[in-house]
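What follows is the residue order along each chain.
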Amino acid sequence: MNPAVAARADELRRSRLPFVHARVVRAERPTSAKPGDEALVLADGTIEGFVGGVCAEATVRAQGLSLLDSGESLLLRILPEGEAGPPGAEQGGGALTVVNPCLSGGTLEIFLEPVVPAPTVAVVGESPIAAALADLAPRVGLQVVPGAGEDLTALVVASHGRGEEDALVAALRAGVPYVGLVASPKRGAAVVAGLDVDDAARAAVRTPAGLDIGARTPAEVALSILAEIVSLRPRPSARPAGSPGAGAGTATTATDRVCGMTVVVDDAALHLDHEGGRYWFCGTGCLRAFAADPGAYLP
């Protein structure tokens with residue numbers, strides 16, 4: 001990896017900030033990008049590095065942001081208009097082909113690899129089950145953190161009566177998606193009934209924590225709890241940006257009225273206000289063409 005890009009990627013990982021690593025794996029002239037060129041697409045749409053001119057960059061930006069919620073990699077093939085390829089976009093087998101009408105020429109193939117921080121799980125307690133959870137969680141892609149904190153995916157209390165109420169109430173008030181209590185059905189119900197939260201919050205506590213798989217040993221109980229956490233995590237779609245039915249976490253997009261390509265909608269993207277409407281563009285060429293004669297591109 002390019003040393004500057006590698007250093008920036010390490011910095012983002014340490015800060016637990018998601019990004020997409022984009023690397024050019026194939027380029028046909030007259031593209032400005034070359035195989036090995038790479039860039040990082042940040043969650044705010046910023047691109048650091050180089051994988052092509054403004055038209056190719058706009059496509060990489062839109063598709064890169066659409067992958068951050070799914071965490072799935074994608075081989076992106078960008079064709080100029082008129083080259084052999086599907087009309088619009090075609091996806092399958094982890095690859096996506098798009099026709100970019102404003103591309104100056106040549107074909108680009110860019111591998112997009114999302115790097116998303118591991119979901120965090122706080123484990124409260126020093127019991128054998130708590131130890132088994134801390135040991136097993138990283139093997140299923142979860143990061144164990146000490147105590148409650150920001151952006152937790154789950155909190156599991158396995159302390160056998162020590163500090164249960166405070167930990168549960170703090171997690172419920174913080175809106176942690178999964179809150180579990182390791183206890184027998186009878187004792188768990190009694191603990192939850194005494195929590196200083198409303199009925200809706202009490203109902204969110206999962207006790208006994210874990211799926212009913214007939215677990216007996218601490219390791220089996222830990223497995224059942226982690227299985228429940230994984231089963232309840234949202235599964236966003238990995239549809240390309242701008243496609244019908246794309247997941248809720250997918251970047252907001254619009255169509256460039258001049259060239260017809262999909263572009264990301266945010267304050268950093270090129271746009272122009274005209275007669276009460278706002279229009280978005282892949283590059284300055286399309287923006288200037290629209291500004292010169294808006295009526296030619298509006299219905």
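Since the model is a prediction, treat every value here as computed from it, not as a measurement.

Below, the discussion takes up the overall build of the protein chain. In terms of helices and strands, the protein chain carries eight helices and 16 strands. The buried share among the 299 residues of the protein chain stands at 43%. When contacts within the protein chain are restricted to residue pairs at least 6 apart in sequence, those whose partners lie at least 24 apart make up 55%. Accessible surface computed for the protein chain: about 14900 Å², of which carbon and sulfur atoms make up 52%.

With that settled, the discussion passes to the pairing of strand S8 (residues 120-124). Burial analysis of S8 places five of its five residues in the buried class, which makes it a mostly covered element. Of the two faces of S8, the one lined by Thr120, Ala122 and Val124 and the one lined by Val121 and Val123 are each fully buried. As paired strands, S8 and strand S9 (residues 143-145) are joined by three bridges and run parallel to one another. Looking at S9, one finds that threonine 120 is bridged to glutamine 143. Note on the crossover from S8 through helix H3 (residues 128-136) to S9: the handedness is right-handed. Bridge analysis of S8 against strand S10 (residues 154-157) gives four bridges, and the strand direction is parallel. Residue pairing across strands places valine 121 opposite alanine 154, the latter belonging to S10.

On the basis of which strands lie adjacent, the open sheet formed by five strands has the order S9-S8-S10-S11-S12 and parallel pairing. The open sheet has two edge strands, S9 and strand S12 (205-206), and neither has a second partner. Pairing analysis gives two bridges linking strand S11 (residues 178-181) to S12, with the strands arranged parallel. Within S12, the residue paired with glycine 180 across the bridge is arginine 206. Running over the sheet, helix H7 (residues 218-232) touches S10, S11 and S12 and is turned about 160° from S11.

Tracing the chain through its elements places threonine 59 in helix H2 (residues 54-67). In this structure, threonine 59 is in contact with Leu76, Ile78, Val98, Asn100 and Met261, ignoring residues within four places of it in sequence.

With that settled, the discussion passes to a nonpolar patch on the surface. The grouping of Leu211, Ile213 and Leu223 at the surface amounts to a nonpolar patch, some 260 Å² of accessible area in total. Taking the relative accessible area as the measure of exposure, leucine 223 reaches 46% and is therefore partly exposed.

What follows covers H2. With 14 residues, H2 should cover 20 Å at 1.5 Å per step; its first-to-last C-alpha distance of 20 Å lies within 8% of that length. Here H2 lies mainly inside the structure; twelve of its 14 residues are buried. Buried residues of H2: Cys55, Ala56, Ala58, Thr59, Val60, Arg61, Ala62, Gln63, Gly64, Leu65, Ser66 and Leu67, and no others.

A complete count under the given rule lists 13 salt bridges for this structure. Linked through salt bridges whose partners overlap, the residues forming this network are Arg26, Glu28, Arg77 and Glu109.

On to the packing of aromatic side chains, then. How two aromatic rings sit relative to each other is given by the distance of their centres and the angle of their planes. Throughout the structure, instances matching the rule amount to three aromatic pairs. Ring plane angle 50° and centroid distance 5.2 Å describe the contact between phenylalanine 281 and phenylalanine 290, whose orientation is recorded as tilted. Comparing phenylalanine 281 with phenylalanine 290, the two get one shared label, buried. A network of ring pairs unites the aromatic residues Tyr279, Phe281, Phe290 and Tyr297 as a single cluster.

Definitions and limits used
- Residues numbered from 1 in each chain as written.
- Predicted model: local features only at pLDDT ≥ 70, side-chain atom pairs only at ≥ 80, totals over all residues.
- Heavy atoms only, no water.
- Helix = DSSP H or I, 4+ residues; strand = E, 2+ residues; numbered from the N terminus.
- Buried < 20%, exposed > 50% of the residue type's maximum accessible area, 1.4 Å probe, protein only.
- Contact = heavy atoms within 4.5 Å.
- Areas by Shrake-Rupley, 256 points an atom, 1.4 Å probe, with all protein chains shown as cover.
- Pairing = 2+ DSSP bridges.
- Right-handed = clockwise from strand over helix to strand, strands pointing away.
- Axes fitted to C-alpha atoms, helices over the stretch in contact; angles between N-to-C directions.
- Patch = residues over 30% accessible without salt bridge, like charges linked within 9 Å, V, L, I, M, F, W, Y side chains within 5 Å.
- Salt bridge = Lys/Arg side-chain N within 4 Å of Asp/Glu carboxyl O.
- Expected span 1.5 Å × (residues − 1).
- Phe/Tyr/Trp six-rings, centres within 6.5 Å; stacked < 30°, edge-to-face > 60°.

So yeah, pure geometry; function would need other evidence.
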